[in-house]
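# Examining the three-dimensional arrangement
As a plain string of letters, each chain reads:
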Amino acid sequence: MITYDEAKNLLSGCGQEHILRYYDELSDEERKSLLAQIEGIDFSILDALEKDRENVLKRGKIEPIEAVTISDIKENSDEYRRIGLDAVSSGKVAAVLLAGGQGTRLGFDKPKGMYNVGVTHELYIFECLFNNLKKAVEEAGKWIHLCIMTSEKNSDDTVSFLREKGFFGYNSEYVHFFVQDMAPSVDYSGRILMESRSRISSSPNGNGGWFSSLVRSGLMDELKSCKVEWLNVFGVDNVLVKIADPLFVGAVVKSGAQSGSKVVAKSAPEERVGVLCLEDGVPSIVEYYEMTEDMIDQRTETGELAYNYGVILNYLFSISKLEEINKQKLQVHIVEKKIPYMDENGGYVKPEEPNGYKFELLILDMIHMHDSCLPYEVIRDREFAPIKNPDGVDSVVSARKLLEENGVEL
Ligand code: UTP
């Protein structure tokens, strides 16, 4: 672990020495904890505050992208399945579950994957994901490595829950955990906020932090030594997610693209979903709030929406390209938030109004760092049942209905 002197040097390099202000007064336990937090933080993220934010967010020329549609897939399914199964059963595909988020919208005080969506019996979100992955394992006749990203905030709970549940029957030798980096929260002047004398105010650094955290954990080297070439990355929310889907893998491999993204046709032009498109000739994801009226309504010659393909956080990435991308910096998103903090007198303050910034890296920005990404259309009601809220849109209620429609007993 980092020493006190190293931490001091690191912090004075970025003008944040105040973090160690109470160090001498802390217990041994608290000192250790504070040093561990300092070590787990990516301080370079603070540079984003100095950059011209407008410039960072400037977009290039946006155009629609062509997708492999459901009917294309039907036509080519034998070939896609053959190529995909070959890749999965020869161990070239591993899965990465992004489960480091805080799931605030759901309002559940445990990791989201521990949520029980069952009605007459227990059925946890994690269990749904393992069940889905087992289908790919059965089809390929080969265990698939699954790397689960947690955060400092939910790691212990996640690991002990899954151990206690015996990984829902999955082969534990193929389940690996890694912890994502944290990003500090700052006040408007860029000074890192403290929650207490020994706790830095910080949050997971966004789902875009996954690859650098995977590399730092050493797991990437392990995967490479097992001859893994592709990573299928997905989120914890979608209980209908198809993982290591041979057809998807086959389509991407056959196309020669550097990456692939599962997409669904929008349910309505205004649907609040990130849309896969081309930006300056290379793939990119435009958020719904960045779409102009013209883009929202633009139609193709056949009358379909020109910007029709919403992303569902299910990507296939080639490791070699990811390693190249990892040498570049991902865009840092700065978000204004209400951040509880310790004031000058040591009192804990819960602000009523936003008082600072949090920083986030987003996986969707990685798409624009690729020269090619195959949009692969899936049937929404078969593969997309996200749980973001307790009820309403993208909720426990809507996901239960979709699970039942897909034959899952609740
Ligand atoms: P969301 O964008 O839904 O964020 O994450 P969230 O933090 O989980 O939920 P809210 O917004 O507070 O309600 C999409 C996916 O990215 C993962 C989440 O676990 C989920 O699978 N994620 C998000 C991370 O792994 N790390 C993060 O820092 C953020």
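Structural data are supplied above this passage.
Everything in this summary refers to the structure shown in the same document.

Here is what the cut-offs are and how they apply
- Residues numbered from 1 in each chain as written.
- Predicted model: local features only at pLDDT ≥ 70, side-chain atom pairs only at ≥ 80, totals over all residues.
- Heavy atoms only, no water.
- 1 Å grid on protein atoms, 1.4 Å probe; cavity = no way out; pocket = protein on both sides within 12 Å on 5 of 7 lines; lining within 4 Å.
- Points joined across faces, edges and corners; volume = space filled by probe spheres on them.
- Helix = DSSP H or I, 4+ residues; strand = E, 2+ residues; numbered from the N terminus.
- Buried < 20%, exposed > 50% of the residue type's maximum accessible area, 1.4 Å probe, protein only.
- Pairing = 2+ DSSP bridges.
- Core = buried A, V, L, I, M, F, W, Y, C linked by side-chain atoms within 4.5 Å.
- Contact = heavy atoms within 4.5 Å.
- Phe/Tyr/Trp six-rings, centres within 6.5 Å; stacked < 30°, edge-to-face > 60°.
- Lys NZ or Arg CZ within 6 Å of the ring centre and 35° of its normal.
- Near = heavy atom within 4 Å.
- Polar contact = N/O pair within 3.5 Å; in protein donor to acceptor, adjacent residues only side chain to side chain.
- Areas by Shrake-Rupley, 256 points an atom, 1.4 Å probe, with all protein chains shown as cover.
- Nonpolar A, V, L, I, M, F, W, Y, C, P; charged D, E, K, R; others polar.
- Expected span 1.5 Å × (residues − 1).
- Arc of directions from axis to C-beta.

For the structure shown, the criterion picks out 1 cavity of 30 Å³ or more. Taken as a whole, the largest cavity holds about 30 Å³ of empty space. Considering the residues around the largest cavity, the lining is formed by L97, L129, F130, L133, L146, F234 and I243. Tallying contributions element by element places helix α6 (residues 125-140) first for the lining of the largest cavity, with 3 residues.

The subject of this paragraph is the pairing of strand β12 (residues 275-279). Across the 5 residues that make up β12, a large majority, 4, are buried. Sheet topology note: the β12/strand β13 (residues 282-286) ladder contains 5 bridges and is antiparallel. Its bridge partner lying in β13, V275 is registered against V286. Remark: 2 residues form the turn of the hairpin made by β12 and β13, two consecutive strands paired antiparallel; D280 in that turn has positive phi of roughly 50 degrees.

Within the largest apolar cluster, 63 residues are counted, with the highest numbers of intra-cluster contacts made by I19, L34, I38, W210, L214 and L231. With 4 residues, strand β14 (residues 309-318) is the single largest residue contributor to this core. Those residues in contact with L231 that lie beyond four places of it in its chain are A94, V96, W210, F211, L214, L223, Y315, L316, F317, I319 and L322. M114, F126, L162 and F384 belong to the second largest nonpolar core, which has 61 residues in total.

All right, on to the packing of aromatic side chains then. In this structure the tally under the stated criterion is 17 aromatic pairs. Residues Y315 and F317 carry aromatic rings whose centres are separated by 5.6 Å and whose planes lie at 35 degrees to one another, so their mutual orientation is tilted. Side by side, Y315 and F317 carry an identical accessibility label, which is buried. A network of ring pairs unites the aromatic residues Y124, F126, F130, W143, F161, F168, Y170 and Y174 as a single cluster. One cation-aromatic arrangement involves R197 over Y22; the distance from NZ or CZ to the ring centre is 4.3 Å.

With respect to spatial proximity, 18 residues lie near the ligand, and among them L98, G100, T104, Q180 and K388 are the closest. The backbone of G206 places a nitrogen or oxygen atom 2.9 Å from an oxygen atom of the ligand. The protein chains hide 83% of the 570 Å² of surface that the ligand would expose on its own. In the shell around the ligand, the residues fall into 6 nonpolar, 9 polar and 3 charged.

To continue, consider the sheet that holds strand β15 (residues 333-337). Strand order in this open sheet of 3 strands is β6-β18-β15, and the pairing throughout is antiparallel. Where the open sheet ends on each side, the last strands, each with one partner, are β6 (186-187) and β15. Pairing between β6 and strand β18 (residues 356-360): 2 bridges, direction antiparallel. Following the sheet pairing, V186 is matched in β18 by Y357.

In this section: helix α5 (residues 77-89). Look at α5: 17 Å from first C-alpha to last across 13 residues, which is about the 18 Å you get at 1.5 Å a residue. Among the residues of α5, S77, Y80, I83, G84, A87 and V88 are the ones counted as buried. Viewed end-on, α5 has its buried residues packed into an arc of 140 degrees, placing them on one side of the element. What points out from α5, more than 90 degrees from its buried face, is the exposed set D78 and R82. Along its buried surface, α5 packs onto α4 (70-75), β2 (93-98), α6 and α10 (246-255). Phi turns positive, to about 80 degrees, at G91, one or two residues after α5.

We now examine α10. Buried residues dominate α10, accounting for 7 of its 10 residues. Those residues of α10 lying buried are P246, L247, F248, V249, G250, A251 and V252. One side-chain oxygen at the N-terminal end of α10 lies 3.0 Å from the backbone nitrogen of L247; it belongs to D245. Two residues or fewer after α10 comes G256, characterised by a positive phi angle close to 80 degrees.

With that settled, the discussion passes to the environment of S212. Positionally, S212 belongs in helix α8 (residues 210-216). By relative accessible area, S212 is classed as partly exposed at 28%. Here the alpha-carbon distance between S212 and K327, two residues 115 residues apart in the chain, equals 9.5 Å. Once you skip the residues sitting within four places of it in the chain, S212 turns out to touch D181 and N326.

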